Amino acid sequence: MSDFNWNDLQAFLTMARAGRLMVAAQRLGVDHSTLSRRIAALEAALGVPLFERRAVGFVLTPEGERLIGDAEAIETLALRMRASLDDGAASLTGTVRLGTPEGFGTYFLAPRIERLCDAQPGLEIELVANPRSFSLTKREADLAVSMARPAQGRVYANKLVDYALGLYAAPAYLSGQRRLRKPADLAGLRWIGYVEDLMWTPELDYLPQISREIRAQLRVSNVITQMTALAGGAGIGVLPHFMARHEPGLVRVLPEQIRLTRSYWLVTHADTRDLARVERVTRFIRDELEEAGPAFWMA
């Protein structure tokens, strides 16, 4: 154990969470050969293999599985030490990765993020607005906005806001249809929905709430592309109101009869939620939500 280097644990944890050499190296900001050397050095110091290389990537050996708990405990201690140093810092530095659904990140956060950048010039923000869920346990993000409350993991989840959704279509598409007066008139329309096996959360399964008889003819993997297709006259579909108002080529259909509601949750990890830079981004999000007010989300 004389050659044991505690810094190599970071390489081990990143590889265990990523499962692939190039992905793990990118997250650490090193080349893949450097990462391989670090893991090999740790294995040599411990005298046991930690990974098996398989077709799916790098898989933990039984010895690697046993090391995870101790490695994460050391990581937690390091994060706590960093938090205490951050608390005494005159200005915030470092990087915060914020993972969000694409609609929330693109249409709410992105137009406002310059305020945070101006207020904290030493803070680097990584806004990852993708149609996916983020694992804070695997350190894919420092904090995340989710459409559902996590059921497991050492995380804290607090509801940010409820938001309303409705039916939208382009006038060009509606002009070729019979007049829509009631939900029963929606039968036979061309619907746009999600690719079912790429639906990253059940909260996106809107169409059965409207009618069990509806099946989307055009299925799209993300909501921004859906909105573009709707504006182009491809059919009818469900959009959040806060997004649809940015597309003047859309009109709302049956606004009194069809109303859906979903929620956004802010998720932080138990080990990092008290970091000053994470707390600052959390406060920024809440302040911007308060300023926007309920009408932004529900009208």
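These figures come from a predicted structure and were not determined experimentally. (Residues numbered from 1 in each chain as written. Predicted model: local features only at pLDDT ≥ 70, side-chain atom pairs only at ≥ 80, totals over all residues. Heavy atoms only, no water.)

(A) Representation of the overall build of the protein chain in the model. A count of helices and strands for the protein chain gives 12 helices and 11 strands. A principal-axis box enclosing the C-alpha atoms of the protein chain has dimensions of 80 × 50 × 30 Å. Out of the 299 residues in the protein chain, the part that is buried amounts to 45%. For the protein chain, the proportion of contacts with a sequence separation of at least 24, taken over those separated by at least 6, is 75%. By element, 49% of the accessible surface of the protein chain is carried by carbon and sulfur atoms, the whole surface being about 15,500 Å². (Helix = DSSP H or I, 4+ residues; strand = E, 2+ residues; numbered from the N terminus. Buried < 20%, exposed > 50% of the residue type's maximum accessible area, 1.4 Å probe, protein only. Contact = heavy atoms within 4.5 Å. Areas by Shrake-Rupley, 256 points an atom, 1.4 Å probe, with all protein chains shown as cover.)

(B) Main features of the confidence of the model for the protein chain. With 95% of its residues at a pLDDT of 70 or more, the protein chain shows a mean pLDDT of 89. Mean pLDDT across the secondary structure elements of the protein chain bottoms out at helix 4 (residues 62-87), with 76, and peaks at strand 9 (residues 236-240), with 98. (pLDDT = per-residue confidence, 0-100.)

(C) Examining the side chain of threonine 201 more closely. Tracing the sequence through the fold places threonine 201 in the loop between strand 7 (191-194) and helix 8 (207-210). Not counting chain neighbours up to four residues away, the residues in contact with threonine 201 comprise Met147 and Ala148.

(D) Region of interest: the pairing of strand 7. Sheet topology note: the strand 7/strand 9 ladder contains 2 bridges and is parallel. Each bridged residue has a counterpart across the sheet, and for tryptophan 191 the counterpart in strand 9 is isoleucine 236. Examined bridge by bridge, strand 7 and strand 8 (residues 218-220) share 3 bridges and lie parallel to one another. When the sheet's bridge partners are listed, glycine 193 is paired in strand 8 with arginine 219. (Pairing = 2+ DSSP bridges.)

(E) Structural detail: unusual backbone geometry. In this structure, leucine 254 is a non-glycine residue whose phi angle is positive, near 50°. Along the chain, the position of leucine 254 falls in the loop between strand 10 (251-253) and strand 11 (260-269). Judged by relative accessible area, leucine 254 falls into the buried class, the value being 6%.

(F) Geometry of helix 2 (residues 21-28). Every buried residue of helix 2 is listed here: Leu21, Ala24 and Ala25. Each buried residue of helix 2 sits inside an arc of 100° when the element is viewed along its axis, so together they form one side. Exposed and oriented more than 90 degrees from the buried face of helix 2 are Met22 and Gln26. Close packing links the buried residues of helix 2 with helix 1 (8-18), helix 3 (32-46) and strand 2 (57-60). (Arc of directions from axis to C-beta.)

(G) Structural detail: the side chain of threonine 61. With respect to the element layout, threonine 61 can be found in the loop between strand 2 and helix 4. Given the relative accessible area of 3%, threonine 61 is considered buried. For threonine 61, the side chain forms a polar contact with the main-chain oxygen of proline 49, separated by 2.7 Å. Excluding anything up to four places from it in sequence, threonine 61 contacts Pro49, Leu50, Phe51 and Glu52. (Polar contact = N/O pair within 3.5 Å; in protein donor to acceptor, adjacent residues only side chain to side chain.)

(H) Representation of the packing of aromatic side chains in the model. For the structure on display, the rule yields 15 aromatic pairs. Seen in terms of ring centroids, phenylalanine 104 and phenylalanine 108 are 5.2 Å apart; in terms of plane orientation they differ by 50°. Their pairing is tilted. Remark: phenylalanine 108 and phenylalanine 104 occur in helix 5 (residues 102-109); sequence separation between them is 4 residues, near one turn of the helix. Taking the relative accessible area as the measure of exposure, phenylalanine 108 reaches 0% and is therefore buried. (Phe/Tyr/Trp six-rings, centres within 6.5 Å; stacked < 30°, edge-to-face > 60°.)

(I) Main features of the nonpolar core. In this structure, Leu186, Trp191, Tyr264, Ile285 and Trp297 are the most contacted members of the largest nonpolar core, which totals 62 residues. Here this core gets 7 residues from one element, more than from any other, and that element is strand 6 (residues 155-169). Residues Leu9, Phe51, Leu60 and Ile68 belong to the second largest nonpolar core, which totals 17 residues. (Core = buried A, V, L, I, M, F, W, Y, C linked by side-chain atoms within 4.5 Å.)

(J) Structural context of the pattern of salt bridges. Taken as a whole, this structure holds 10 salt bridges when the rule is applied. Its salt-bridge partner being arginine 54, residue glutamate 52 comes within 2.9 Å of it at the nearest N-O pair. Assessed through its relative accessible area of 35%, glutamate 52 is described here as partly exposed. Classification of arginine 54 as partly exposed rests on a relative accessible area of 47%. Among the charged side chains, a salt-bridge network with shared partners connects Arg112, Arg115, Glu288 and Glu291. (Salt bridge = Lys/Arg side-chain N within 4 Å of Asp/Glu carboxyl O.)

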